[in-house]
Amino acid sequence: MTVIALDTSTDMLCATVGRIDGGAVQLLASRDHLCRRMSNVELTGSLLDALGQAGLTMADMDAVIVGRGPGSFTGVRIGIATAKGIACGLGCALYGASTLDAVAWTAWLAGERGLLGVVGDAMRGEVYPGVYLLDEDGPQRAFAAESVAKVDPCVAAWNERGDRGGLVLSGDGLKKHKARFEKAGFARYLDEALWYPSGEGLLHAAAASGMDGRAASGDPALVLPIYTRLSDAEENERKRLGMAEPPSVATTGTADALADIHLQLRPMSINDVEQVAQLEARAFSGAPHVSWTRRMFEDELAQPGRSWWVAHDRGTIIGFAGGVLAGDDFEIADVVVDDGRRREGIATRLLARLAYDAQMLNAQTASLEVDADNAPARALYGALGFAQAGRRPGYYGSGHDALIMAARLPLLTTNDGALTEPGASIRPWPIEVPPRDAAAGTAFAEAGDLILAIESSCDETAIAVIDAGGRVLSSIVATQIDFHARFGGVVPEIASRKHTEAIVGVFEEALRQAGEALGCGMLVPRDLSAVAVTAGPGLVGALVVGVAFAKGLCVATGLPLIAANHLEGHLFANLFETPDLEPPFVASLVSGGNTMLVHVRAWGDYEILGTTIDDAVGEAFDKVAKALGLGYPGGPIISKLATQGNPRAIAFPRAMMHSRDYRFSLSGLKTAVITYIEGENRAGRPINLPDLAASFQAAVVDVQVAKAVAAVEEYGVPDFCVGGGVAANPALRAAYLEAFGKRGVRVTVPPLSVCGDNAAMIALVALRSYKAGRFQGLSLDADPNAPLGTWSVRG
């Protein structure tokens, strides 16, 4: 195979072209160079330079190889997202290789033999350690799987090996921690130039691995980063859950309003073990084997390398599951769901959380034991990819055998009855596209140029396809709400991880639905005329995934790249409701991250009249909901409660209502709500949640509407529009319609389907840029603070 190899896990950007024939590797060209924090800017250009040096083009590539880390989380994702985009653009295989292995091969290629200790920089005073034996055949691992360790324990562990004098050290972690190893007596170090991976080393690492395992098909969806640990938020959560919980808020009036809120999943805490032990005892009452005790659960939660989750419905635990990391296998110890809540998919969701944690801890497999007579459980595990790996006769008592079942990670998930990988290709990779008939050709001609748009600015992975006439042929959104709900808001690191997992599957589903709309079954990248991506504003780590994937698509196909502004997308979403909307008008952008009034003088010509000086509207809703223990996202929950409450029951402040400008402030209102809750608790009075929700919502709506009316009157515009996730709030929509209806001003609110983050609105922005010939170079990078108007086409 002729392959292109890349790695951005460290400060060394690897961009290499080579050939792999079995285990033989031939280096054709390399553009490796040190590149600190600029890999998303320089990677695609370096790959093209390497191809040019080799006298080849992307079309000559049979496969892509990418370093999976461990390393900088963002750096790893830049490389993997770019590689996924290239593989999807070419329709070729994508294989991953360990960055630690690439460092070891780099040392081997330099002539080093004997014992090698690789010390990768994991930041936070930690390292990624790996010991290899370098013989004439190449590096041989002396460890099972990549892991993370504090520096001093790593030094101590290597000291205990007894071969300190023969161990030569390498790795970028030595730049920070070499003195610690020297102090312990380690005296041999490779030249600093060899402390990093190289493209040639990556080629050898991939060839030596046989490019086998679950990703043997080359499916780009299955190549994921090696993390070795959870996000900071998840690790801190596990520490916090070991502490006593504060008293709950006493409430009234919630039963009907909250009856349809879906069950919540979160890590098990020490406060859960009483309910968990009781559920365990009920589930296994009369069973042939001994159930877990409260003390056993308490002991488990105190140990490292564990993952235990509970499913609860308004405080009542209805299911739980947990296990322990053992080498590179995650052993699932227990899965229980209340008898009355079975067949709701709860066990599958719990197992998905365990599998996610296991992957983040770098487990390669998962295993469990199940009673051979438990047919429902065996069916569930089989549907998730578990297969029988052994049998223990009489393990659960006489006549009750235990089946040992094992699965490679990631687990399979069920989707409309079919088995698919999480985020994986919708059919075997590479996708086979059926021949197209004359009718499809006619549909393509009528559609004109097609643009694919990508949105990943926060916690939704979204891709849409639009035709030349502005018809949206597909719009796919993969949400991550379940993964963020327990934190009461979006966790940026988790969002970035989930984008990397989901983007290939979302891409392929968008092409499939667009193809069906055109009568051809499936689009392929060559059917497209351009690729657009949200480049800002938003969460930088989330934006980077979308931008890198888009640039990978473009460098593979030669398609032009369009940058879109997320805020402008929310403005353009109003065109789905009012296609003839034209400036000038005033618009309110209200979401979890933004609150602003904008005077739209012309498309692309925006005057910001005022923004929030602290919290955004959506953020305030989420924080109040969190204070009340109502879950995330807070907007829909509070809105539903408010319909049953009295908006005048509690006199909350209308901050900056009369400030005579267009700035907003929500922090004071949020504080007033929390103060009210605390006061009622001290007085021993239960809080009427519907009244509180209605009063809080009314305070927010009153200020938003008053300032919007003032702006429309000052600027004399005939139209008012609203955009962003909070635009879905029924009370806000109704208040705008009532206030402006009296004044003869037309109000446009987007359809509910495009109020939240989506790629259809980005596609509308992109279509305008495409027609104006406004394209970006492959050095485009994410800009988390991009102001409204960045990359816009004026006029």
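Residues numbered from 1 in each chain as written. Predicted model: local features only at pLDDT ≥ 70, side-chain atom pairs only at ≥ 80, totals over all residues. Heavy atoms only, no water.

S.K.: Which parts of the structure should I look at to understand the overall build of the protein?
M.R.: Helix and strand counts for the protein come out as 22 helices and 33 strands. Of all 795 residues assigned to the protein, the portion counted as buried reaches 56%. The long-range share in the protein, meaning contacts at least 24 apart out of those at least 6 apart in sequence, stands at 71%. Element-wise, carbon and sulfur atoms account for 51% of the exposed surface of the protein, whose accessible area totals about 30500 Å². In the protein, which carries 68 positive and 91 negative side-chain charges, the distance between the mean positions of the two groups comes to 4 Å. (Helix = DSSP H or I, 4+ residues; strand = E, 2+ residues; numbered from the N terminus. Buried < 20%, exposed > 50% of the residue type's maximum accessible area, 1.4 Å probe, protein only. Contact = heavy atoms within 4.5 Å. Areas by Shrake-Rupley, 256 points an atom, 1.4 Å probe, with all protein chains shown as cover. Lys, Arg positive; Asp, Glu negative; His and termini not counted. Charge placed at Lys NZ, Arg CZ, Asp CG, Glu CD.)

S.K.: Just to check I follow, could you spell out the packing of aromatic side chains for this structure?
M.R.: Centre-to-centre distance and the angle between the planes together describe a pair of aromatic rings. What the rule picks out here adds up to 21 aromatic pairs. Ring centres of Phe-621 and Phe-696 lie 5.0 Å apart, and the angle between their planes is 75°; this geometry places the pair in the edge-to-face category. With Phe-621 in helix H17 (residues 617-627) and Phe-696 in helix H20 (residues 689-715), this pair connects stretches of sequence that are 75 residues apart. Each residue in the set Trp-292, Phe-297, Trp-308 and Phe-320 is aromatic and connected to the rest through ring pairs, giving one cluster. It is Arg-497 that lies over the ring of Phe-73; its NZ or CZ is 4.8 Å from the centre. Directly above the aromatic system of Tyr-227 lies the positively charged group of Arg-497, at a separation of 3.9 Å from the ring centroid. (Phe/Tyr/Trp six-rings, centres within 6.5 Å; stacked < 30°, edge-to-face > 60°. Lys NZ or Arg CZ within 6 Å of the ring centre and 35° of its normal.)

S.K.: So what exactly am I meant to see when it comes to the nonpolar core here?
M.R.: Side chains of a nonpolar character, in soluble globular proteins, are inclined to be buried together. Ranked by internal contacts, the top residues of the largest apolar core, which has 58 residues, are Ile-65, Leu-116, Trp-158, Leu-169, Phe-181 and Phe-186. Broken down by element, the residue count for this core peaks at seven residues, all from helix H3 (residues 99-109). Those residues within four positions of Ile-65 in sequence are excluded, and the remaining contacts are Val-3, Ile-4, Ala-5, Leu-6, Ile-20, Leu-94, Tyr-95, Leu-202, Leu-203, Ala-206 and Met-211. Counting 52 residues, the second-largest nonpolar core is a separate cluster that includes Leu-609, Ala-620, Leu-641 and Leu-689. (Core = buried A, V, L, I, M, F, W, Y, C linked by side-chain atoms within 4.5 Å.)

S.K.: Help me understand the sheet that holds strand E25 (residues 472-479), please; the structure alone is not making it clear to me.
M.R.: Neighbouring strands of a sheet are bound in pairs by backbone hydrogen bonds; such pairs are parallel or else antiparallel. Sheet architecture is open: five strands sit in the order E25-E24-E23-E26-E27, paired in mixed fashion. Taken across any chain shown, the strands that pair with only one partner, and hence form the sheet edges, are E25 and strand E27 (561-565). The mean angle between the axes of side-by-side strands here comes to 20°, regardless of whether they run parallel or antiparallel. Here helix H14 (residues 492-517) sits on the sheet and contacts strand E23 (451-455), strand E24 (460-466) and E25; the angle it forms with E24, its principal contact strand, is near 25°. Helix-sheet contacts for helix H15 (residues 540-557) involve E23, strand E26 (530-536) and E27, and the interaxial angle to E26 is about 160°. (Pairing = 2+ DSSP bridges. Axes fitted to C-alpha atoms, helices over the stretch in contact; angles between N-to-C directions.)

S.K.: What exactly am I supposed to notice about the confidence of the model for the protein here?
M.R.: Detail in the predicted coordinates should be disregarded across regions flagged by low pLDDT. Within the protein, residue pLDDT values average 91, and 94% of them lie at 70 or more. Across residues 243-248 the pLDDT falls below 50, and counting only partners more than four positions away or on other chains, this stretch makes five contacts in the model. (pLDDT = per-residue confidence, 0-100.)

S.K.: Just to check I follow, could you spell out unusual backbone geometry for this structure?
M.R.: A negative phi holds for most residues other than glycine; trans holds for most peptide bonds. Residue Pro-410 is reached from Leu-409 by a cis peptide bond, and omega for that bond is 5°. With respect to the helices and strands, the residue Pro-410 is situated in the loop between strand E20 (402-408) and strand E21 (413-415). With an omega of -10°, the peptide bond running from Gly-536 to Pro-537 counts as cis. Residue position: Pro-537 is located in the loop between E26 and H15. Although it is not a glycine, Arg-343 sits at a positive phi angle of roughly 65°.

S.K.: I tried to follow the packing of helix H18 (residues 634-642) against H20 on my own but got confused; where do I start?
M.R.: To describe two helices that pack against each other, one gives the angle between their axes and the distance between the axes. Contact geometry of H18 with H20 gives a least axis separation of 7 Å together with a crossing angle of 110°. When the interaxial angle is binned, H18 and H20 end up roughly perpendicular. Considering the relative orientation of H18 and H20, their crossing is left-handed. Along its contact with H18, which presents Ile-638, Ser-639, Leu-641 and Ala-642, the element H20 presents Leu-689, Pro-690, Ala-693, Ala-694, Phe-696 and Gln-697. Its residues placed into classes, the contact of H18 with H20 shows eight nonpolar, two polar and no charged. (Parallel < 35°, antiparallel > 145°, perpendicular 65-115°, else oblique. Left-handed = near helix turned anticlockwise from the far one by under 90°. Nonpolar A, V, L, I, M, F, W, Y, C, P; charged D, E, K, R; others polar.)

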